[in-house]
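# Tertiary structure, described
If you want the building blocks of each chain, they are given just below.
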Amino acid sequence: MANGNQPLIFEQSKPGRVAYSLPELDVPEKPLEELIGTEYIRQEKPAWPEVSELQLIRHYMALSRRNFGVDNGFYPLGSCTMKYNPKVNEAVARLDGLTKIHPYQDEETVQGALELLYRLQTNLEEISGMDTVTLQPAAGAHGEWTGLMIIRAFHEANHDSKRTKVIIPDTAHGTNPASASVAGFEIVTVKSDKNGLIDLEDLKRVADEHTAALMLTNPNTLGLFETHIQDIANIVHAAGGKVYYDGANMNAIMGMTRPGDMGYDVVHLNLHKTFTGPHGGGGPGSGPVGVRKELEPFLPEPLIIRKADGSYGFDYNRPQSIGRVKAFYGNFGINVRAYAYIRTMGGKGLNQVSRDAVLNANYLLKRLSDEFDTPFKQFCKHEFVLSGSRQKKLGVRTLDMAKRLLDFGYYPPTIYFPLIVDEAMMIEPTETESKETLDQFADHLIEISKEASEHPEVVQEAPHRTVIRRLDETRAARHPILRYQPASKGE
Amino acid sequence: MSEFRYLPVTEEDRQSMLKTIGVDSDEALFSDIPEAIRFKGELNVEKALSEPELLNFLSGLAKKNVSTGDVPSFLGAGVYDHYIPSVVDSVISRGEFYTAYTPYQAEVSQGELQAIFEFQTLVCELTGMDAANSSMYDGSTALAEAAMLSSGATRKKKIIISETVHPEYRQVLSTYAHGQHLDVVLIPENKGTVDLAQLEKAVDDETACVIVQYPNFFGQIEPLKEIETLTHSAKKAHLIVSSNPLALGLLTPPGSFGADIVVGDCQPLGISQSFGGPHCGFFAVKKNLIRKVPGRLVGETVDEDGRRGYVLTLQAREQHIRRDKATSNICSNQALNALASSVAMVAFGKKGIREIAVQNLQKAHYAADQLDRQGIKIVFEGPYFNEFVIDCGKPVREVNRSLLKKGFIGGYDLGRDSSALKNKMLIAVTEMRTRNQIDQFAEALGGIIRG
């Protein structure tokens with residue numbers, strides 16, 4: 001990575017430089033004041049930079065060299081499924097016929113786009129075991145909220161107004177309670193047992209006539225399969241609630257089992273995780289939602305359908321729909337990439353993906369289990385959680401080890417999550433990594449643990465080889481500087 | 001299993017790894033899935049294709065669509081055909097950017113963090129606001145989140161929104177409002193802009209916010225000055241403005257009129273139409289609301305050696321810390337599209353944004369003049385930016401079919417949303433349309449409407 005500060009683009013500006021080119025205005029020009037009231041004509045231009053095209057390119061190339069993606073190296077960030085993002089996906093997503101189309105064009109002029117979306121929906125229905133899928137939600141959390149609004153509409157349609165609570169395990173990702181809250185529910189926490197699975201007795205205690213739904217990913221956020229999933233679903237169903245599948249961990253189970261077979265009623269899938277949509281530095285994602293037949297009337301509108309004559313179109317005639325969750329039809333460009341991936345792998349390939357993801361995770365877990373505390377004994381699925389509690393006693397925190405991994409050229413695992421494991425380190429290698437990469441990573445992490453006892457300061461003061469060292473986050477939050485102002489120039 | 005090019009584990013690796021784990025077969029790793037719920041056989045998804053077959057198949061699907069690259073388009077209504085500088089795709093194609101996650105580990109994410117910091121600054125400058133976040137899913141969800149912020153901050157439930165706001169944005173707001181038990185009050189349109197008399201009646205001390213669009217869904221420039229006065233006559237109420245960011249290159253920014261929150265979609269600045277997504281919502285606020293903003297914020301700070309650097313900040317607002325008490329459930333946003341838009345904004349620069357906005361304004365007015373000459377009625381008389389409404393006198397769907405035969409993608413059918421607007425068409429004219437195309441379009445449309 002490049003060293004030294006990269007000046008802000010605003011600091012490289014010089015009046016008179018441009019990086020765009022427009023044809024001359026070819027229509028007669030009228031005075032602005034004739035067209036818009038004077039008060040509404042902008043007096044002061046935005047203080048945007050003025051740079052040449054090469055300056056612009058060098059700036060962003062410099063920034064890219066100060067960033068780390070899956071293309072740069074191993075990225076075992078737990079719960080994020082940082083697998084390879086295939087190049088052919090990028091090529092097809094950029095086809096003119098897929099990018100230069102407007103959402104309000106006549107149906108007849110976008111048959112290819114509609115067909116692609118319909119095919120994707122159908123494939124996702126098969127993979128999830130659900131009856132109908134909508135592609136409208138823009139990301140995982142958006143899908144969670146959509147799914148919960150569907151469940152809410154279902155209970156309302158049954159005049160079951162007491163169902164105001166959503167049960168969420170104490171291991172859950174923060175979006176689960178946040179989405180439930182945005183959908184207007186109260187949150188009830190269900191505990192995990194000593195094996196890292198849902199405590200069935202606690203679930204029986206909290207599931208009652210107020211239960212709207214249980215949100216649960218499987219494998220759960222510890223990377224463990226909830227073996228009693230049928231019992232769990234039965235308990236919630238017996239109480240009159242619905243069971244919601246957070247698809248963040250779908251990469252572990254494709255072709256092995258399906259949410260529909262496990263007893264789930266509503267599913268969201270993260271196409272930017274399991275189905276190789278690139279993470280883009282934090283999006284865009286895509287979070288389709290699938291439901292069982294009885295919940296289908298409540299799906300957002302429009303749905304994409306295949307008509308009797310074989311053509312494709314929109315179904316807006318959905319009187320019980322929760323309404324729209326987003327303008328237009330979802331993150332189409334990401335859906336194109338996911339479709340390209342499914343067509344590359346096929347049914348057998350997707351199953352092999354999950355088999356290899358689980359094999360890689362268990363292998364890496366085994367390689368690290370002598371050096372680190374492993375809180376759970378069950379085989380993991382696509383990811384696992386280590387505890388840094390042994391190293392903590394030496395004065396080295398999990399955060400320190402994560403920072404030290406940066407020096408070895410890795411993006412560190414997810415840390416301090418799930419919240420129930422002390423000094424947690426959550427590792428998800430994915431199926432696209434080779435045994436050699438896993439071996440090297442294990443060797444390096446073990447080496448760092450040895451450093452923790454022999455030269456703890458090396459770990460505590462890491463990173464040493466990055467463009468910048470640890471940043472003062474407290475200062476950033478106490479005195480927020482959220483935009484450039486000439487006065488805020490660094491030393 | 002080398003038949004799958006994304007899967008590197010060989011049969012030899014597999015055997016050796018299973019041996020290390022201490023099992024005979026990978027089936028043992030799945031033994032915790034009860035037999036009753038094991039999936040039997042192979043998933044019945046479409047069959048796998050090689051790379052050449054896949055390219056061929058998807059190119060075929062793409063060709064079934066009519067592309068605005070081939071047929072001049074006069075369709076807008078929230079999504080527009082604009083000039084995208086080549087540098088945009090060059091930058092967002094860098095693997096360091098597009099294959100990275102949210103920049104949690106700041107030391108190896110300075111590039112993304114700095115790019116977002118610059119995006120936040122560009123948006124503040126354009127909207128005239130104090131702070132902007134790193135992006136939202138799109139303009140519609142940004143608007144709904146703004147209403148929720150407002151309701152939370154004012155502890156009031158009444159959301160007033162003008163009928164001249166994009167109908168799909170209003171629908172998305174309704175969905176969110178249902179979950180949050182908010183009361184949405186719709187103010188009707190009068191001569192193309194919000195009915196000020198009705199607005200005045202509606203605003204009271206129970207009001208959380210007033211939401212308008214600028215320029216509005218019909219392209220008209222809402223009287224923000226009067227709207228601001230009415231809104232702030234109530235005790236705490238916020239003024240929320242949804243804006244086309246390109247228009248703000250030419251129009252007085254909402255911040256200057258005293259808006260509390262400005263949202264919108266960056267699509268017109270560097271993002272392709274892509275059948276409606278992914279685009280990129282933006283969210284900008286006045287200083288007093290910074291700690292209530294949804295989503296990621298990047299802040300400047302220093303490292304241990306005093307070097308300037310950037311981090312995700314004020315994270316105590318966010319779902320991964322606050323869980324059900326978070327300001328929003330948003331996690332993934334639209335980072336790569338915010339980067340695309342940043343690159344376009346930088347490429348246009350101070351001079352370009354104005355020039356493009358002026359071209360849109362002038363070409364739209366030229367087009368309206370040509371249509372007027374054809375005897376077509378321009379429905380609203382007020383000032384507008386790059387969109388205006390015409391009366392076709394017959395179903396817009398039919399008119400558009402005839403236009404397509406003559407080689408044009410016509411405007412948006414306003415009758416879709418309201419029977420009062422039957423036969424009315426919303427026409428958008430951007431800098432991409434040449435005088436020639438506009439002339440021919442006017443002639444074709446005139447012929448169809450008269451015919």
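Here is a short report on the structure shown in this document. Here the structure is a predicted model, which means the values were calculated and not measured. (Residues numbered from 1 in each chain as written. Chains lettered and ligands numbered in written order. Predicted model: local features only at pLDDT ≥ 70, side-chain atom pairs only at ≥ 80, totals over all residues. Heavy atoms only, no water.)

Residues and elements named next belong to chain B. Among the five residues that make up strand β10 (residues 298-302), five are buried, leaving the element largely enclosed by the rest of the structure. The side-chain alternation of β10 yields two buried faces, one formed by V298, E300 and V302 and the other by G299 and T301. Note: β10 against strand β11 (residues 308-312), five bridges, orientation antiparallel. Residue pairing in the sheet places V298 in a bridge with L312 of β11. If you look at the hairpin formed by β10 and β11, you'll find five residues sitting between the two strands, and G306 has a positive phi there, around 85°. (Buried < 20%, exposed > 50% of the residue type's maximum accessible area, 1.4 Å probe, protein only. Helix = DSSP H or I, 4+ residues; strand = E, 2+ residues; numbered from the N terminus. Pairing = 2+ DSSP bridges.)

Residue and element names in this part refer to chain A. An order of β1-β7-β6-β5-β4-β2-β3 is seen for the seven strands of this open sheet, with the pairing classed as mixed. Since the sheet does not close on itself, it has two edges, and those belong to β1 (132-134) and β3 (186-190), each with one partner. On average, adjacent strands in this sheet sit at an angle of 25° to one another, irrespective of strand direction. Here four bridges tie strand β5 (residues 242-247) to strand β6 (residues 266-269), and the two strands are oriented parallel to one another. The partner of Y244 across the bridge, within β6, is V266. Sheet contacts for helix α5 (residues 111-128): β1 and β6; angle to β1, the most-contacted strand, approximately 125°. Along the sheet, helix α7 (residues 175-182) contacts β2 (165-169), β3, β4 (211-216) and β5; its crossing angle with β2, the most-contacted strand, is approximately 175°. (Axes fitted to C-alpha atoms, helices over the stretch in contact; angles between N-to-C directions. Contact = heavy atoms within 4.5 Å.)

Another aspect to go through is the packing of helix α2 (residues 53-65) of chain A against helix α5 (residues 110-127) of chain B. Axis angle and axis distance: for two packed helices, these are the angle between their axes and the distance between the axes, and together they describe the pair. Across the interface, α2(A) lies against α5(B) with an axial gap of 7 Å and an inter-helix angle of 135°. As the angle between them shows, α2(A) and α5(B) are arranged oblique. For the pair α2(A) and α5(B), the contacting residues are H59(A), Y60(A) and L63(A) in the first and G111(B), Q114(B), A115(B) and E118(B) in the second. Grouping the amino acids of the contact of α2(A) with α5(B) by side-chain chemistry returns three nonpolar, three polar and one charged. (Parallel < 35°, antiparallel > 145°, perpendicular 65-115°, else oblique. Nonpolar A, V, L, I, M, F, W, Y, C, P; charged D, E, K, R; others polar.)

Residue and element names in this part refer to chain B. Together, R155, K235, K236 and K292 make up a region of like positive charge exposed at the surface. Tracing the chain through its elements places K236 in the loop between α9 (224-232) and β7 (238-243). A residue is classified by how much of its surface remains accessible, and K236, at 48% relative accessible area, is partly exposed. (Patch = residues over 30% accessible without salt bridge, like charges linked within 9 Å, V, L, I, M, F, W, Y side chains within 5 Å. Areas by Shrake-Rupley, 256 points an atom, 1.4 Å probe, with all protein chains shown as cover. Salt bridge = Lys/Arg side-chain N within 4 Å of Asp/Glu carboxyl O. Lys, Arg positive; Asp, Glu negative; His and termini not counted. Charge placed at Lys NZ, Arg CZ, Asp CG, Glu CD.)

Take the nonpolar core next. One finds L124(A), I127(A), L203(A), F275(A), L368(A), F275(B) and F283(B) to be the most contacted residues of the largest nonpolar core, which totals 190 residues. The leading source of residues in this core is helix α11 (residues 332-368) of chain A, at 17 residues. Discounting chain neighbours no more than four positions away, the residues touching F275(B) are I101(A), H102(A), P103(A), V110(A), A113(A), L114(A), L117(A), F314(A), F328(A), Y329(A) and F332(A). Grouped together as the second largest cluster of nonpolar side chains are 92 residues, V88(B), Y214(B), L230(B) and A340(B) included. (Core = buried A, V, L, I, M, F, W, Y, C linked by side-chain atoms within 4.5 Å.)

Residue and element names in this part refer to chain A. In the contact formed by helix α6 (residues 140-157) and α7, the axes pass within 9 Å of each other and the chain directions differ by 45°. By the angle class used here, α6 and α7 are oblique. For the element pair α6 and α7, the recorded crossing hand is right-handed. Counting all contacts with α6, which are made through A141, E144, W145 and L148, the residues of α7 involved are T175, N176, S179, A180 and V182. When grouped by side-chain class, the residues that make up the contact of α6 with α7 number five nonpolar, three polar and one charged. (Left-handed = near helix turned anticlockwise from the far one by under 90°.)

Here the focus is empty space enclosed by the protein. All names here are of chain B. By the definition in use, this model includes ten cavities of 30 Å³ or more. In this structure, the largest cavity encloses a volume near 200 Å³. In this structure, the largest cavity is lined by 20 residues; those nearest its centre are G78, Y80, Q213, S243 and N244. Going through the elements one at a time, β7 and β8 (261-265) are the ones with two or more residues in the lining of the largest cavity. Each of domain 1 (86-344) and domain 2 (350-450) accounts for three or more of the residues forming the lining of the largest cavity. (1 Å grid on protein atoms, 1.4 Å probe; cavity = no way out; pocket = protein on both sides within 12 Å on 5 of 7 lines; lining within 4 Å. Points joined across faces, edges and corners; volume = space filled by probe spheres on them. Domains from an automatic or database assignment.)

A word on the sheet that holds strand β15 (residues 424-428) of chain B. Residues and elements named next belong to chain B. Across the sheet, which stays open at both edges, the four strands sit in the order β12-β13-β15-β14 with antiparallel pairing between neighbours. Of all strands in the sheet, those bounded by a partner on one side alone are β12 (377-378) and β14 (412-413). The pairing of strand β13 (residues 387-391) with β15 spans five bridges and is antiparallel. Counterpart to F388 in the pairing with β15 is I427.

In this section: the interface of chain A and chain B. Listed as interface residues are 209 residues of chain A and, on the opposing side, 198 residues of chain B. Carbon and sulfur atoms supply 61% of the area buried between chain A and chain B, which totals about 18,500 Å² over both sides. Counting the contacts that link chain A with chain B gives 23 salt bridges. Its salt-bridge partner being E27(B), residue R355(A) comes within 2.9 Å of it at the nearest N-O pair. (Buried area = accessible area lost by both parts, 1.4 Å probe.)

Attention now goes to the pattern of salt bridges. Opposite charge on two side chains permits them to pair, given that their charged atoms come into close proximity. What the rule picks out here adds up to 64 salt bridges over all chains. Ionic pairing is found between D373(A) and R390(A), a salt bridge with its closest N-O pair at 3.0 Å. With D373(A) in the loop between α11 and β10 (384-387) and R390(A) in helix α12 (residues 389-392), the pair connects residues that are 17 residues apart, well separated along the chain. Residue D32(B) is joined to K381(A) by a salt bridge in which the shortest nitrogen-to-oxygen separation is 2.9 Å.

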